[in-house]
Amino acid sequence: MTSFNRSTSRRLKKLTQIPSVWEGDRRPLSSPSQHSDSEAKGECILWVDYSQGVVRGMDVVASDIGPEAIVRTLMQAMEHPQSPARPARPQRIVVKDREIQFYLRGVLQDLDIAIDYAPELPLIDELFRGFADILDSQTPDLPPQYAQILREKAFAIWQAAPWEFLEEQQILSIEINKWDVGTLYASVMGMLGMEYGILFYRSEESLKQFRAAVLRDEESTEHLEEAFLKQDCLFLTFESADETDEEDDLADLPLSEIDPTFGNIHPLEGLRSVLYDEEALVILVAIESLSRFIRDHRRQLHEDIFPTLSRRYRISLPQSEESTKSIAVTVSTMPQLAAELEEMAGFGVDDQEIGNLDFQSLQDDLIPEDSFLSLGVVSWEMLEYLRKGVSYHPAGEIKQVGDGLPVILIQTSRPKAKTVIERIETAGGLRAICFNPGADSFDGDRYDLGLLQTQNGELFLFGEFLDEDPIHVEARKKWNQRCKNTKGYCGLIIAKGLTGASRGNPQLRDMMALFEARSLSPKDLGIGTLQLMPELKFE
């Protein structure tokens, strides 16, 4: 048995010994009426001065922590008690657990404290009854009668993975007409592999207002938070059950490590992760009808063009106080609204405008400096797998001529890859990939500069290649020929795994996004030779 070292015992014996009786115990946090797992909730250790009626020490520990924890809390109660108590040593301690009694007798034998057993601890029993009343009065996150079925339906959505083929602006309407809800507008999140879930807007107006606010204030964290809280929607999101796995993409985790969360956002309520009875029924019906629609139209929804589809379902309701046994729900795609949202974001400018945007400045902060970069090709067969397995952004109908689609591959770490993808998305997507001449007037070197042009006209440097580099010269020849075969279509692949075993050779599982774009010649771009300025990048 572990015991105090001599110096600790001497220090504790110097404390004033007061003629008091202290009660101590360790109990699960959950109340008897709750069905939650007490091990997940932990246990509370409590030390009280029965003579004075005050709490001297309290701590919450995991249920698998050994008996040493109750001693640590006792030491705090003696040396650093909660106010208004003062440091002191009791004459007598009473516990209701024989094992704790024998353990404390062995540990505290040098402190002249009597350790007794009692079947009842009046003060502690009263305190824990108060804790239980508080726990019982708390509103659960989900109504108990709907909690299990909601989680089951949420996992069905997770396995259906609609974010693999639906973008956030491709809205689905869910007409319910019950519980004071007319039509919900579902927006699927997750194509970028950052946040997975579905927002069920209560009105088309709320959806549009939020999108407009995000585009207007995308660089203002304060304004974005305000816009977020002004949404009017129910939501289902997915998180890692292990909060330490922030670096991992949820899609890579097993189902057992995925945790669905439900909630409500309203301008007057803000965000709450609690659903009441009617809200739980609404989101249950919405998820079930959406799951069926995805099952029935998965192939059509995978198409490049967002199709016009509609289907009516009869959804059975779980047993409840509701007299209605089932409800008719209509789910429909909204191509016109999707086009309107894309226009708001700056998508869909005609290809003829590619080379005619105003050139402002060349930026070099999009691609991380330590990234792996290559010019290559993706076979047509592999391209089909890639389009279905990553965040995919098409540029048009590409004819399969030649050995495949010419691509620029950029491999970096997962967090940095997510940032690159998000910035390109924020800029409206990728418009073109270009190679433009550059020169260093100081040493006479000439470069072939790799540039990315986003939909909003910004130019980003992704690579500087010496004109005399034979490897790059050969790669550029193949690039030009392949782009000619595809009538100017090419692609950008963003991959993770820079520090892993696949460094320099990312596999399909490492690919995170495919942006299809057009290839531009220096003449099309029309900015001339870029000069390297002192202390600066190419201007």
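It should be noted that the structure appears before, not after, this text.
The rules behind these values
- Residues numbered from 1 in each chain as written.
- Predicted model: local features only at pLDDT ≥ 70, side-chain atom pairs only at ≥ 80, totals over all residues.
- Heavy atoms only, no water.
- Patch = residues over 30% accessible without salt bridge, like charges linked within 9 Å, V, L, I, M, F, W, Y side chains within 5 Å.
- Areas by Shrake-Rupley, 256 points an atom, 1.4 Å probe, with all protein chains shown as cover.
- Salt bridge = Lys/Arg side-chain N within 4 Å of Asp/Glu carboxyl O.
- Helix = DSSP H or I, 4+ residues; strand = E, 2+ residues; numbered from the N terminus.
- Buried < 20%, exposed > 50% of the residue type's maximum accessible area, 1.4 Å probe, protein only.
- Phe/Tyr/Trp six-rings, centres within 6.5 Å; stacked < 30°, edge-to-face > 60°.
- Pairing = 2+ DSSP bridges.
- Axes fitted to C-alpha atoms, helices over the stretch in contact; angles between N-to-C directions.
- Contact = heavy atoms within 4.5 Å.
- Parallel < 35°, antiparallel > 145°, perpendicular 65-115°, else oblique.
- Left-handed = near helix turned anticlockwise from the far one by under 90°.
- Nonpolar A, V, L, I, M, F, W, Y, C, P; charged D, E, K, R; others polar.
- Bend = angle between axes of the 7 residues up to and from the residue.
- Polar contact = N/O pair within 3.5 Å; in protein donor to acceptor, adjacent residues only side chain to side chain.

Caption draft 1: Looking closely at a nonpolar patch on the surface. A surface patch of nonpolar side chains, about 240 Å² in accessible area, is lined by F228, L229 and L271. Structurally, L229 is set in helix α8 (residues 221-229). Assessed through its relative accessible area of 33%, L229 is described here as partly exposed.

Caption draft 2: Seen up close, the packing of aromatic side chains. Inspection of every chain in the model, using the stated rule, returns 8 aromatic pairs. Centre to centre, the rings of F435 and F462 are 5.9 Å apart; their planes meet at 80°, and the pair counts as edge-to-face. Placement of the pair is F435 in strand β18 (residues 430-439) and F462 in strand β20 (residues 459-466), with a sequence separation of 27 residues. Here F435 matches F462 in class, with each residue buried. With 6.4 Å between their ring centres and 50° between their planes, F435 and F465 make a pair best called tilted. Of the two residues, F435 is situated in strand β18 and F465 in strand β20; the sequence distance between them amounts to 30 residues. Each member of the pair, F435 together with F465, is buried. Ring-pair connections join several aromatic residues into one group, and the members of that group are W158, W163, Y196 and F238.

Caption draft 3: Structural context of the sheet that holds strand β13 (residues 326-333). Taken together, 8 strands build an open sheet; the order of strands is β11-β10-β9-β8-β7-β6-β13-β12 and the sheet is antiparallel. Pairing within the sheet leaves two strands with one partner each, and these edge strands are β11 (270-272) and β12 (310-316). In this sheet, neighbouring strand axes are inclined to one another by 25° on average, regardless of whether the strands run parallel or antiparallel. Bridge count between strand β6 (residues 172-178) and strand β7 (residues 181-189): 5 bridges; the pairing is antiparallel. Residue pairing in the sheet places I174 in a bridge with L184 of β7. Relative to β12, helix α9 (residues 277-301) is tilted by about 140°, and along the sheet it contacts β6, β7, β8 (196-201), β9 (233-240), β10 (258-266), β11, β12 and β13.

Caption draft 4: Molecular detail of the side chain of T412. Tracing the backbone shows T412 in the loop between β17 (405-411) and α12 (414-426). With a relative accessible area of 1%, T412 lands in the buried category. Excluding residues within four positions of it along the chain, T412 makes contact with P368, D370, S371, A417, A495, K496, G497 and L498.

Caption draft 5: Region of the structure containing the packing of helix α1 (residues 6-13) against helix α3 (residues 68-79). Between α1 and α3, the shortest axis-to-axis distance is 11 Å and the interhelical angle comes to 40°. The angle between α1 and α3 falls in the class oblique. Viewed along their axes, α1 and α3 form a crossing whose handedness is left-handed. Across the interface between the two elements, T8, R11 and L12 from α1 touch M75, M78 and E79 from α3. Partitioned by chemical class, the residues of the contact of α1 with α3 number 3 nonpolar, 1 polar and 2 charged.

Caption draft 6: The arrangement of the packing of α3 against helix α4 (residues 98-107) in detail. Interhelical geometry of α3 versus α4 gives an angle of 60° and a closest axis separation of 10 Å. Of the possible angle classes, the one that applies to α3 and α4 is oblique. Like other packed secondary-structure pairs, α3 and α4 cross with a definite hand, here right-handed. Residue-level inspection shows E68, I70 and V71 of α3 in contact with α4, the latter providing I100, Y103, L104 and V107. The class makeup of the residues in the contact of α3 with α4 is 6 nonpolar, no polar and 1 charged.

Caption draft 7: The arrangement of the pattern of salt bridges in detail. With the rule as written, the count across this model stands at 24 salt bridges. The closest approach of N and O atoms between R27 and D25, which form a salt bridge, is 2.6 Å. The exposure class of D25 is buried, given its relative accessible area of 5%. For the salt bridge of E384 with R387, the shortest nitrogen-to-oxygen distance reads 3.0 Å. Taken together, the residues span about one helical turn, with E384 and R387 both in helix α11 (residues 380-389) at a distance of 3 residues. For E384, a relative accessible area of 33% translates into the label partly exposed.

Caption draft 8: View of α9. A maximum bend of about 50° is found in α9 at R295. Burial of α9 is extensive: 18 of the 25 residues sit out of reach of the surface.

Caption draft 9: Fine view of α4. Looking at α4, one finds that the buried residues are I100, Q101, Y103, L104, G106 and V107. Buried positions along α4 lie against β1 (17-28), β2 (43-49), α3, β4 (89-95) and β5 (114-117). N-capping of α4 is provided by D97, with a side-chain oxygen placed 2.8 Å from the backbone N of E99.

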